[in-house]
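The chain contents come next:
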Amino acid sequence: MGLDQFPMFRLATLLARQLSSPVAARIKAFATRHPWARRALVAGTGRAYRAAELRCKLWLLRLAPPPRAPPLSQAEAVQVGADILGEMIIFSLGAAIVTFEYNRQAYNKELKELDEKSQWVAVQVGLAELQREVALQQDELDRLHAALRELAAAPPPPPPPPPPPAAGHGPAAAAEGSIPPTAPASTPSIKRRPPHC
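Tell me about helix α3 (residues 74-153), residues and numbers included.
An α-helical segment advances 3.6 residues per turn. Residues three or four places apart therefore align on the same side. With 80 residues, α3 extends 116 Å between its outermost C-alpha atoms, agreeing within 8% with the 118 Å of an ideal straight helix rising 1.5 Å per residue. Among the residues making up α3, those that are buried are A77, V78, V80, G81, A82, I84, L85, G86, I89, I97 and E101.

Can you lay out the environment of I97 for me, pointing to particular residues and giving the numbers?
One can find I97 in helix α3. With a relative accessible area of 18%, I97 lands in the buried category. For I97 and T13, which are 84 residues apart along the polypeptide, the C-alpha to C-alpha distance reads 7.0 Å.

Just give me the short version of the confidence of the model for the protein, but keep the residues and values in it.
Looking at the protein as a whole, its pLDDT mean stands at 79, while 79% of the residues score no less than 70. The least confident element of the protein, judged by mean pLDDT, is helix α4 (residues 171-176) at 52; the most confident is α3 at 90.

Thresholds applied
Every chain is numbered independently, its residues counted from 1 as its sequence is written. In view of the model being predicted, local features appear only for residues whose pLDDT reaches at least 70, and side-chain atom pairs are presented and counted only at 80 or more, with totals across whole chains, interfaces and linings using the full set of residues. Values shown for side chains rest on all heavy atoms present in the structure; no hydrogens or waters enter the calculation. Under the DSSP-based scheme used, a helix requires at least four consecutive residues in state H or I and a strand at least two consecutive residues in state E, with every element numbered from the N terminus. Multiplying one less than the number of residues by 1.5 Å gives the expected span of a helix. Working definition: with a 1.4 Å probe on protein chains only, accessible area under 20% of the residue-type maximum means buried, over 50% means exposed, and in between means partly exposed. Confidence scores labelled pLDDT are given residue by residue by the predictor and lie between 0 and 100.

Encoded structure:
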């Protein structure tokens, strides 16, 4: 199994779960220890969450919500706010991982489609080049066929005239004795055998 086939999404989700819990616990501890964070961020978040939860429950039961939600103690507000803050951190990290993985897969899919398109374009360009070469070769063949037809239809050329005899080498010069006559080269005669009957 190649590295690109490894289920990175599952690994990243597992890693996020393992890492987000300690991170959320540290942020919760920081928020509950520091007075400004406890008062402004954690306690306010806890009170707002508890009020929204009470309204939703009453709405589901079709009861009229009270004009004012019952007060929540500081310790309970801090505890609920810290829990909500930790859950928001875990959810945010999970959502970021899911978004990252989705974008990565979309990018890989787009790259794959682009690669397939470029291969298809390369095949089309190669095919067009081959068609052009075939057309050029067909034109050349047609031209050669036409030239052969013209040669076949033309009358044969006349035989070349015999060369004129050289001065002083003819039979008259041989009779005068100036140049000894040359005997023609004898060709061996081929005797044929009679066919066997």
